[in-house]
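Analysis of the macromolecular model
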Amino acid sequence: MTSTTTENFEHLALDGPVSLSSAVGIGLALAILFAALLWKERGIVGAGRATLFWILRTTAIAMVIWMLLAPSNVRTETATTRRTVAVLADVSSSMATIDAPDNIDDARWMAASKTSVSESASALTSADQAMAAAGLGHRSLEAAISDLAGHEAEGRIQKSMLTAERAFERVRQHVQHLQNSTDVPAAALSLASRVQTSLQSAELAEFSELCRILESRRSPAQAGWRESLPDLLHRVGSLRRSLSELARLVAESQPASALATNQKTSSESRLSRVVRLTEHLYQTAFTQLTETANVQLASFAATIGPVATDSDPAASLRAAHQFEAGLAADNRRENQTGSDSNPAPRTMSTTDISQALNAVQRDDEGSLAAVILLSDMSHNQPDAESPVQMAARLSGVPVHVVPVGSSRYVRDIALKSVDAPAVAMRNDDIVIEAHLQAYECEGEVCVLQLLQDGEVIDFREVPLDSGYVNRAVRFERQMPTIGNQTFQVAVVPVEGELTEDNNYDDFEVNVTRSDIKLLLSDELPRWEYRYLAQLFRRDNKIECDELLFQPRMIATGRRQESQSFPLTTDDWDQYDVVILGDLSSSRLAAESQESLIDYLRNRGGTLILIAGHEGMPHSFQSHPLEDVLPVSSAASSAASPTAGYAFRVTPEGLGHHALMIAETEDATRTSWDFINRFCPLHEISTWRVPRPTAHTLISAVPRDSIDVEADSAENAFLCWQPVGRGRVIYLSGPDTFRLRFLRGDRLHYRFWGQLIRWAIASDLTTGTRFVRIRTDKSSYDTHEDVHVTVRLSDADGNPLSAEGLAVRITSTDSAREVSLTPADDTAGEFHTTLTTMPAGIYRVEPIGTVVKELQRDETEPASVSFTVQANVPMEMVDTRCDRVLAQQIAELTGGLVVSPAAITEILALTDLEPIVTEKIETRPLWLEWKYLWIVFGCLQTEWMIRKWKGLS
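Notes on the structure follow. Every value quoted in this text rests on a predicted model; they were computed, and no experiment measured them.

Quick look at the pattern of salt bridges
For the structure shown, the criterion picks out 40 salt bridges. For the salt bridge of Arg 558 with Glu 543, the shortest nitrogen-to-oxygen distance reads 3.2 Å. Here Glu 543 lies in strand S17 (residues 542-548) and Arg 558 lies in the loop between strand S18 (554-555) and helix H18 (569-572), a separation of 15 residues in the sequence. By relative accessible area, Glu 543 is classed as partly exposed at 39%. Among the charged side chains, a network of salt bridges with common partners joins Arg 808, Glu 817, Arg 843, Glu 845 and Glu 860.

Let's talk about the packing of aromatic side chains
One pass over the structure, following the stated rule, counts ten aromatic pairs. The structure contains a cluster of three or more aromatic residues connected by ring pairs, namely Phe 549, Phe 565, Trp 572 and Tyr 599. Positioned over the ring face of Phe 34 is Arg 57, at 5.5 Å from the centre of the ring. Over the ring of Trp 720 we find Arg 727, and its NZ or CZ is 5.0 Å from the ring centre.

As for the nonpolar core
Ranked by size, the top nonpolar core spans 79 residues in total, and within it Met 161, Phe 207, Leu 243 and Val 250 carry the most contacts. Considering every element that reaches this core, the biggest residue donor is helix H9 (residues 225-252), with twelve residues. Ranked by size, the runner-up nonpolar core spans 41 residues in total, among them Ile 542, Val 577, Val 649 and Ile 698.

Some details on unusual backbone geometry
That bond from Gln 550 to Pro 551 is cis: its omega, 0 degrees, falls within 30 degrees of zero. With respect to the helices and strands, the residue Pro 551 is situated in the loop between S17 and S18. Put simply, Met 616 and Pro 617 share a cis peptide bond, and its omega is 0 degrees. With a phi angle near 50 degrees, Ala 70 is a residue other than glycine that sits in the positive phi range. Among the structural elements, Ala 70 can be located in the loop between helix H3 (47-69) and strand S2 (71-82). Under the relative-accessibility criterion, Ala 70 is labelled buried at 7%. Of note, Glu 440 is a non-glycine position whose phi angle comes to about 55 degrees, a positive value.

What about the side chain of Thr 893?
Turning to its location among the elements, Thr 893 is positioned in helix H25 (residues 883-893). A polar contact of 3.0 Å, which involves the side chain of Thr 893, links it to the backbone nitrogen of Val 399. Residue contacts for Thr 893: discarding those within four places in its chain leaves Ala 391, Leu 394, Val 397, Pro 398 and Val 399.

Definitions and limits used
Residues numbered from 1 in each chain as written. Predicted model: local features only at pLDDT ≥ 70, side-chain atom pairs only at ≥ 80, totals over all residues. Heavy atoms only, no water. Salt bridge = Lys/Arg side-chain N within 4 Å of Asp/Glu carboxyl O. Helix = DSSP H or I, 4+ residues; strand = E, 2+ residues; numbered from the N terminus. Buried < 20%, exposed > 50% of the residue type's maximum accessible area, 1.4 Å probe, protein only. Phe/Tyr/Trp six-rings, centres within 6.5 Å; stacked < 30°, edge-to-face > 60°. Lys NZ or Arg CZ within 6 Å of the ring centre and 35° of its normal. Core = buried A, V, L, I, M, F, W, Y, C linked by side-chain atoms within 4.5 Å. Polar contact = N/O pair within 3.5 Å; in protein donor to acceptor, adjacent residues only side chain to side chain. Contact = heavy atoms within 4.5 Å.

This is the structure we're talking about:
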């Protein structure tokens, strides 16, 4: 980004305490004096020795004078660095948007990219340039006041004040041009006259005189000029507001002929406008600028890259945009082929303004004068640093933003989300809620369709009565068929909408059988037990056996005869779900515990444990059941907080099917918040620290906690962990009945209904009697891993081992096979992971000799379906120009938000004088011991000769 030229100059400098003329005079005088003295002694020492002594003395004196002169070799290196203006052009996919016609904005872009324009367009350009010049003058005056307060160098203060004066003078010129224009309306002329009067006020006249004095390097005579600058700043602020109104009046007065000429511009994409403007600037302003400074053009989208400016910068910008489009096309092709080996390339589906600003900061070596940012400011890189934070670090480098595009939504209808239960029982009535957003479709009717397996089964007509509509549309369906039911919600496209990629969503509902066999047991009829027993008795889809030990034995159903827990795995396998309350280990024999664990591991059962004070789970320490607990005991048993505990749904629990206690996600969050505020927990078990294998869905956080995140990680209220084919669910307190507070049993019923449905869903997914298959989810995002599990069992329900198993994955246009791997800890279970799946609907079925033999009598082989959602480009979700972000970045860096026609004004008022630095290296030529030794040597030689000859 920098361009530096270097010049070197060397010379000899004398830095001693005496001048050269004085040294020569002293040397000659001493030489003559020594000659006279030795001339008198010539008869004693001899003429030859007298001459030798004179030479020795003269040499010593010469060395002394050399050292007194202190000669040095001075090398001066002068480096001249050209200033740089960086132009950053956005080439992301949102820049391909064609905005709705905007006469004023179209006129500005047309005027900015043409060499010859009409008088009306010239007046509009002058108004925009006057506004930009006033803005720069205001910024420079602010900088001068700040430097005065900080006692900065006078040169820096003077530079800011002179820049402000130049800006005010250019404002006068532009306003004068407006006054001389014939196409300016009377209201604008009147306002221009008032602005010109303000520009000729006494305050600005005194400021001009002050700047002339400072420029001549004289001290201002008037007192208090520093204190008067803040008052002048307020006047300039008022002037900027007047110029903004003036620009609006001129823009709105564009004649019909000029607006008709702008029809071509209004049909251009944002990128086409930027390309045409850049091409025009390189032919005009940048050509003159490159004589004294550098212009660095770069493009950016998700990443930033330089643009070759040697031949045709506009063509280079187009090529950069096409390259980004090519990356997106390559990504789509990779999705279609389903390659597992190569990760998806980064595409232009995001715009990272922070990356562009960071590159500017990284490459700046002190020569960067200004940054021109041409963008719609649609920053949508989710994991990037905030552009505002990045701009705050760009001190001293003003970023001038030219917003591209409209700040209004582009015409589009988007299906934002669909809420539906993932698990339901046969004949359940489910609610499907679709969230719809529509922009610029006022007066139209949107048709929303509900489809099942591609066929329309219901629809809703949604009237769009405003420019922006946000609606929730409900469908109700009964689920009569067991298995995975695939649904789609689709918006019928409307003419001229931005994209149809966001008009579709699909989901699956896993419908389980309508009869659930359940065992509910507790030591005492606690509130939790009572409410659960009543709840299950009223639900005709649940067959519940009860086992209560005190105050009297109650045993129903299969437990009535034995009045005890099952002892064998087959006995436990009579139940889909087992719920154990506050029981002691004496109630559950070791044999029963071992068979219960076997039931979990190999039969896919579900165990729900509800902690209590008497025995669960602390009395099961050193018993078999301890090995499958998803929690361990807390290190200390501190007293419960006086304010109690609050439910805190974890990030994993927010989208979990078991916690959908209301019909929609928003209603579910509201329900949990209601419980937290009005019915807190007061005591939970000390056994609440989740183990590494556990999944925490709800934490119990002290209401007065400071470190909420740490407490959430250490205090599980509801968690679960897999145990072989089954799972163990743990509640650290018998307090779910609090969901009944002021709401009846509706939330309590939904919580336990959803929890049990989710618990048994994994074991009741599609398949045959001996071959079961499932995926961990029914819907995935692109490049999200798909985990497939296959279970084999024999006629007696025992797990079956096999070799050479695989799954066949088929979609509408492809098919492939992937090998299955036996699970390490669960007999009869096999796994595989599918990676990099392209968008689409897939069917997975197990294959192999053993599978074929197990399904020979089945009419329909075991299979499961899942959907990979297409990634809607984030760029196309919201294509509005973010002028608020543009203003924030400009304010933080000392720049401006300007129209395209004002770029030349910005360049004219930017300090582009080269940076000149001097580096001086001085090497002393006298500071050496040899000169001192010569002096002593000469004097010592004369002394030795005199001693040798016996002379005085």
